[in-house]
Amino acid sequence: EAGVTQSPTHLIKTRGQQATLRCSPISGHTSVYWYQQALGLGLQFLLWYDEGEERNRGNFPPRFSGRQFPNYSSELNVNALELEDSALYLCASSLGQGGNSPLHFGNGTRLTVT
Amino acid sequence: AQRVTQPEKLLSVFKGAPVELKCNYSYSGSPELFWYVQYSRQRLQLLLRHISRESIKGFTADLNKGETSFHLKKPFAQEEDSAMYYCVFWASGGSYIPTFGRGTSLIVHP
């Protein structure tokens, strides 16, 4: 079984630009979660998609957005990049809602904003 | 709002010593709790969950509703246990958002 894949592995952008991060879930998983892991801050919840719909979002500004495609893959977009957006962005997938279906993580995308 | 706390950023022990990684949560309902682990250069992965009541790699964790805790324990630490450990809270019947603690880095010295 192929795991969760994220692309690109690394992304370098300058302040004010836009970044697009991609995630392919495990086959059969309908839920995709996005987390930001900034240095020293642990994993902060960004967005949750299930069955193509945004189900919940964390305490992040609207310039963080995304979508989920019919094949359940997902995209995270960050507009008007700021220096503090530099972080590891992790995607996780699961079979559905609730803790009965644990999260499976990708390796992350390292975003650096200069 | 639900919250999960891991009070120790770093825990350093010698091989063979007992290990306890602390996790406390605040939630008035019935929680679902997990421990995730990230070994060096590997992706974050599930270690164990409270509903399974199982032992994985010698680790166990018991949900104590009275103390609102879910501490991770192992009687004899091994060097390969060195990793980052995250306690994860998931509110059953709630908004289904898994909330991660800040993590505890466990270092097991030879």
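Reference entry: report on the structure contained in this document. Just so it is clear, the structure is predicted and the values come from calculations on it, not from any experiment.

Here we look at the overall build of chain A
- The secondary structure content of chain A amounts to zero helices and eleven strands.
- Since a compact globule built from 114 residues should have a radius of gyration of about 13 Å, the 13 Å found for chain A is in line with a globular shape.
- With the principal axes as the frame, chain A shows a C-alpha extent of 40 × 30 × 25 Å.
- For chain A, the proportion of its 114 residues judged to be buried stands at 52%.
- Of all intrachain contacts in chain A linking residues separated by at least 6 positions in sequence, the fraction that spans at least 24 positions is 53%.
- Element-wise, carbon and sulfur atoms account for 48% of the exposed surface of chain A, whose accessible area totals about 5200 Å².
- Looking at charge distribution, chain A has the averaged site of its 8 positive side-chain charges lying 8 Å from that of its 9 negative ones.

What to know about the side chain of H29 of chain A
All names here are of chain A.
- Take H29: it is sitting in the loop between β3 (19–24) and β4 (31–38).
- Here H29 falls in the buried class, since its relative accessible area comes to 7%.
- Here the side chain of H29 touches S93 through a polar contact of 2.7 Å, side chain to side chain.
- Contact partners of H29, with chain neighbours within four places excluded, come to Y72, S93, S94, L95 and H104.

Considering the environment of I107 of chain B
All names here are of chain B.
- Within the secondary structure, I107 is located in strand β11 (residues 104–109).
- For the pair I107 and Y85, spaced 22 residues apart in sequence, the C-alpha to C-alpha distance is 11 Å.
- With residues up to four places along the chain from it excluded, the contact list for I107 reads L10, L11, S12, V13 and S82.

Digging into the sheet that holds strand β8 (residues 74–78) of chain A
All names here are of chain A.
- In spatial order, the strands read β1-β3-β8-β7; together these four strands make up an open sheet with antiparallel pairing. Only two strands of the sheet have a single partner each, and these edge strands are β1 (5–7) and β7 (64–68). Neighbour-to-neighbour, the strand axes of this sheet turn through a mean angle of 15 degrees, independent of strand direction.
- Sheet analysis places β3 next to β8, joined by five bridges and oriented antiparallel. Across the sheet, the residue bridging to A19 is V78, located in β8.

Thoughts on the state of the cysteines
Residue and element names in this part refer to chain B.
- Counted by the stated rule, this structure contains two disulfides over all chains.
- Here C23 is linked by a disulfide to C87, with a sulfur-sulfur distance of 1.9 Å. An S-S torsion of about -65 degrees defines the bridge between C23 and C87 as left-handed. Taken together, the residues C23 in the loop between β3 (19–21) and β4 (24–26) and C87 in strand β9 (residues 83–91) connect sequence positions 64 residues apart. Comparing C23 with C87 shows no difference in burial state: the two are buried.

Concerning the environment of V19 of chain B
All names here are of chain B.
- Within the element layout of this structure, V19 appears in strand β3.
- Take V19: its relative accessible area is 5%, and that puts it in the buried class.
- Spatially, the C-alpha atom of V19 lies 29 Å from that of G29, the residues being ten residues apart in sequence.

Reading the values: rules and limits
- Along each chain, residues carry numbers from 1 onward, in the same order as the chain's sequence is written.
- Chain letters start at A and ligand numbers start at 1, both assigned in the order the entries are written.
- Reporting in this predicted model follows two pLDDT cut-offs: at least 70 for local features of residues, and 80 or more for side-chain atom pairs to be given and counted; totals over whole chains, interfaces and linings ignore these cut-offs and use all residues.
- Each side-chain value is worked out from all heavy atoms of the structure, with water and hydrogens disregarded.
- Only DSSP runs of H or I with at least four residues qualify as helices, and only runs of E with at least two residues qualify as strands; both kinds are numbered from the N terminus onward.
- Computation of the radius of gyration draws on C-alpha atoms, with the globule rule given as 2.2 Å multiplied by the number of residues to the power 0.38.
- For every residue, the accessible area (1.4 Å probe, protein chains only) is compared with the maximum for its type, and the residue is labelled buried under 20%, exposed over 50%, or partly exposed between those bounds.
- Contact between two residues is taken to exist if any of their heavy atoms lie within 4.5 Å; hydrogens are not considered.
- In this description, accessible areas are obtained by the Shrake-Rupley approach with a 1.4 Å probe, and a residue is regarded as covered only by the protein chains that are shown.
- The charged-residue count follows a simple rule in which Lys and Arg add positive charge and Asp and Glu add negative charge, with His and chain termini not counted at all.
- Charge positions are represented by NZ for Lys, CZ for Arg, CG for Asp and CD for Glu.
- The term polar contact refers here to a pair of N or O atoms within 3.5 Å; inside protein, the definition further demands a hydrogen-donor-capable atom paired with an acceptor-capable atom, and it admits residues adjacent in sequence only when both atoms are side-chain atoms.
- At least two bridges found by DSSP between two strands is the condition for calling them paired.
- Think of each axis as a best-fit line through the C-alpha atoms, taken over the contacting stretch in the case of a helix, with angles from 0 to 180 degrees between the N-to-C directions.
- Working definition: a disulfide is two cysteine sulfur atoms within 2.5 Å of each other.

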